[in-house]
Amino acid sequence: MTLERPDERGRFGGYGGRFAPETLMPALAELEQAFDEARGDPSFTAELAALQRDYCGRPTPLYEAARLSEALGMTVLLKREDLLHTGAHKINNTIGQGLLARRMGKPRLIAETGAGQHGVATATAAALFGMECAVYMGAVDIERQALNVDRMRLLGAEVIPVTTGAGTLKDAVSAAMRDWVATVERTHYIIGSVVGPHPFPWMVREFQRVIGDETIAQLDGRHVDVVAACVGGGSNAMGMFTAFAGTGPELVGVEAGGHGLETGEHGASLVAGSPGVLHGAMTYLLQDDDGQVREAHSVSAGLDYPGVGPEHAYFRDAGIARYVAVSDREALDGLDLLARTEGIIPALEPAHVIAWLARERESLAGTTVVVTLSGRGDKDVEQVSRMRGSG
Amino acid sequence: MSFAERFAAAAADDRAAFLPYLMAGLPDPAASVDLFAALGEAGADGFEVGLPYADPLMDGPVIQAAGAAALGAGTTLAGGLGVARRVREATGKPCAVMTYVNPILRTGLDAFMGMAADAGVDAVIAADLPVDEAAPFVAAGAARGVGVVLFAAPTTSEERLRAVVDAGPVFVYGVAEMGVTGERAGVSEWAAGMSARVRALTDLPLVFGVGIATPRAAAAAARVADGVIVGTALVRRVLEAPDAAAAADGLREAGAAFAAAMRRS
Ligand SMILES: Cc1ncc(COP(=O)(O)O)c(C=O)c1O
């Protein structure tokens, strides 16, 4: 049902592939080969496992949130990726790709970032492995995630503001890809989610699948009805879904509903978008009739993206997972709910999932739900209080 | 005249074909037709008509800004193809439209190629279309008499180069620099070597573009290619000109210098 790996053209069903400038095509093939070799090399997997344990803090707990469960009338199990070093699941991917880049002899790492979590995680990997690092970040996001900008700079990374387009994640990805086209011989581009040209969606999934594999082990046979995660590009969700697909539980991806789907200002590419090509892959995206990609909107910078990983597009069409959207306002309430019932301030991205549980409390009554708590909310505290203050 | 005829005529003249790039709809659709025509008067052999796209992965800041301005001025896909049609009519010279994969797929492969054919477009270039995904584009274009251009980069392997040639492009677009479109100071260090590799495989026309910004760099490329594309250096003149008339004057002057640089002897 799920694909162990995409086909030789990098396709998940009709999605994915490699729609990239010719300049990058040899590098993408080289990367695919290097990753394939590395993942079969016991010294690579052992080093990765040791770093995941001793440096990142894996395994993360699977925590039964008793007071939240009581408030919602269901059993909620939180996979605590927020407790990882740097505060989100993004480090799973950057440590993996950083090790791979070192193995490939590339001395420079670049990344795009929206919420700043992936930028921080990449800057962290660069510091750990002694590499140069540049992070592209939309000017709007630099404003709303100032804390993470400071963290990246402290870690020795150069933060490059992107002012084209809406100055958010889509533009940052484009800017990072342009850098890579020019510098590919000495630079590795650590893309931050299961997006981009093959092999990125597959490789990032493989580095994130530890989330779901651990969860299955921690459940130790316990029955689960629903597995839910937020979907920006879709890496924390795919990291969880990969282990569960075809095993019984319903898989639910929660996208950013922004100001509401009817306003057109949202990031719900799977719920309200259509197939097309963005950033090197065939997938669902937000676009107009001429094929111009529309700007997304979300209160959470990490979900503010008009595309989505191609494997999610495949999961959607094949009915392997179901995708829903939650608005900005609901997400803020979700953040409050988790903070007050559990003493856990989530990032705004996974706060969307908590909000979806609250909305669906009747249909989910009595069920057991696993949620990827993909990151902690420190980065969002200032923005949330500003919004609360003005609203 | 087709691209093939233009390349042949230029070769008979011991020069490469000069193929300037401008953005359709910049500063507005009517004026952009006049700007292409000015380059035609200055000696262009054919044109690359840029269709504005909001996420141009292969383009540097100047062409990004030009695309954003053309979109801001209301240039649609149909409007951009309309510019190509009028340029073709006004100059009688072949046009390739330069775009990205998504607008083509959104319109539909067959529908897009039909629109291009109706506009008299000779070839379609999509900057993010590698040979691996090109077959349906080439087939849909062939059904409507529209060619597809495919790329070769300095990093392209022998095997990939062979696939590019076998796919049957109108011409091979040699990427003269590692990187996105823009203005490089020097002469491409890759062009001569790539040219030898392509020539060893095929008689298909070879055109260099990306980063070629001075007559000196264009002259160096012209010695080893059938055609040379100059984009950013010209688009920048349009963006910086106070009005369309001044832009046309600037393009006539710059265009003449590039056209002169095409002569090999
Ligand atoms: C905490 C957190 N969750 C989720 C996301 C969204 O990314 P993805 O959908 O790839 O997990 C981000 C992105 O920045 C994030 O920081």
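Residues numbered from 1 in each chain as written. Chains lettered and ligands numbered in written order. Predicted model: local features only at pLDDT ≥ 70, side-chain atom pairs only at ≥ 80, totals over all residues. Heavy atoms only, no water.

## Regarding the pattern of salt bridges
Residue and element names in this part refer to chain A. One pass over the structure, following the stated rule, counts 53 salt bridges over all chains. Residue R376 is joined to D378 by a salt bridge in which the shortest nitrogen-to-oxygen separation is 3.5 Å. D378 gets classed as partly exposed once you look at its relative accessible area, which sits at 44%. Here the salt bridges do not stand alone but share partners, grouping E4, R5, R18, E32, D36, R39, R205, E206, R209, D213 and E311 into one network. (Salt bridge = Lys/Arg side-chain N within 4 Å of Asp/Glu carboxyl O. Buried < 20%, exposed > 50% of the residue type's maximum accessible area, 1.4 Å probe, protein only.)

## Let's talk about the nonpolar core
By size, the foremost hydrophobic cluster in this structure holds 200 residues, and its most contacted members are F241 and F315 of chain A together with F208 of chain B. Here this core takes eight residues from helix α8 (residues 169-183) of chain A, the largest share from any one element. Residue contacts for F208 of chain B: discarding those within four places in its chain leaves G174, A176, A191, M194, S195, A221, V224, A225, G227, V228 and I229 of chain B. (Core = buried A, V, L, I, M, F, W, Y, C linked by side-chain atoms within 4.5 Å. Helix = DSSP H or I, 4+ residues; strand = E, 2+ residues; numbered from the N terminus. Contact = heavy atoms within 4.5 Å.)

## Brief notes about the confidence of the model for chain B
On average, chain B scores 97 in pLDDT, and the residues at 70 or more come to 100%. Predicted complex metrics record ipTM = 0.95 and pTM = 0.97. (pLDDT = per-residue confidence, 0-100.)

## Section: the packing of aromatic side chains
Residue and element names in this part refer to chain B. Scanning the entire structure with this criterion turns up 14 aromatic pairs over all chains. Their ring planes at 80° and their centres at 5.8 Å tell us that F7 and F171 sit as a pair that is edge-to-face. Taken together, the residues span a long stretch of sequence, with F7 in helix α1 (residues 3-12) and F171 in the loop between α8 (158-166) and β6 (172-175) at a distance of 164 residues. Residue classification places F7 among the buried positions, given a relative accessible area of 6%. (Phe/Tyr/Trp six-rings, centres within 6.5 Å; stacked < 30°, edge-to-face > 60°.)

## Structural notes on the sheet that holds strand β9 (residues 226-230) of chain A
Residue and element names in this part refer to chain A. Spatially, six strands are ordered β3-β4-β14-β9-β10-β13 in an open sheet, and the strand pairing comes out mixed. Each end of this open sheet is capped by a strand with a single partner; those strands are β3 (62-64) and β13 (322-327). When strand polarity is set aside, the average angle formed by the axes of neighbouring strands in this sheet is 30°. This element, helix α10 (residues 210-219), spans β3, β4 (75-80) and β14 (368-373) of the sheet and lies at about 130° to β4. (Pairing = 2+ DSSP bridges. Axes fitted to C-alpha atoms, helices over the stretch in contact; angles between N-to-C directions.)

## Thoughts on the sheet that holds strand β8 (residues 187-189) of chain A
Residues and elements named next belong to chain A. One open sheet accounts for four strands, arranged β7-β6-β5-β8; its pairing is parallel. Each end of this open sheet is capped by a strand with a single partner; those strands are β7 (158-162) and β8. Pairwise comparison of adjacent strand axes, ignoring direction, gives a mean angle of 25° for this sheet. Pairing of strand β5 (residues 108-113) with β8, which is carried by three bridges, proceeds in the parallel orientation. Opposite L109, over in β8, you have H188 as the bridge partner.

## Focus on the site of the ligand
All names here are of chain A. Near the ligand lie 18 residues; those nearest to it are S193, G232, G234, S235 and S374. One of the backbone N or O atoms of G232 is found 2.7 Å from an oxygen atom in the ligand. In this structure, an oxygen atom belonging to the ligand sits 2.8 Å away from a side-chain N or O atom of N236. Protein coverage of the free-state accessible area of the ligand, which is 390 Å², stands at 97%. Along the lines of polarity and charge, the residues of the shell around the ligand split into five nonpolar, 11 polar and two charged. (Near = heavy atom within 4 Å. Polar contact = N/O pair within 3.5 Å; in protein donor to acceptor, adjacent residues only side chain to side chain. Areas by Shrake-Rupley, 256 points an atom, 1.4 Å probe, with all protein chains shown as cover. Nonpolar A, V, L, I, M, F, W, Y, C, P; charged D, E, K, R; others polar.)

## Here's the deal with the packing of helix α3 (residues 61-72) of chain B against helix α11 (residues 232-240) of chain B
All names here are of chain B. Closest axis-to-axis distance for the α3/α11 pair is 9 Å, and the angle between their directions is 50°. With respect to α11, the axis of α3 lies oblique. Relative to α11, the crossing made by α3 is left-handed. Residue-level inspection shows V62, I63, A65 and A66 of α3 in contact with α11, the latter providing T232, V235, R236 and L239. (Parallel < 35°, antiparallel > 145°, perpendicular 65-115°, else oblique. Left-handed = near helix turned anticlockwise from the far one by under 90°.)

## Observations regarding the interface of chain B and chain A
Facing the 33 residues of chain B at the interface are 33 residues of chain A. Buried area between chain B and chain A, summed over both chains or domains, comes out near 2,800 Å², and the portion from carbon and sulfur atoms is 53%. In terms of surface lost to chain A, no three residues of chain B exceed L57, R106 and E133 of chain B, which account for 25% of the buried area on that side. Seen at the junction of chain B and chain A, the total is five salt bridges. Its salt-bridge partner being R11 of chain A, residue E133 of chain B comes within 2.8 Å of it at the nearest N-O pair. (Buried area = accessible area lost by both parts, 1.4 Å probe.)

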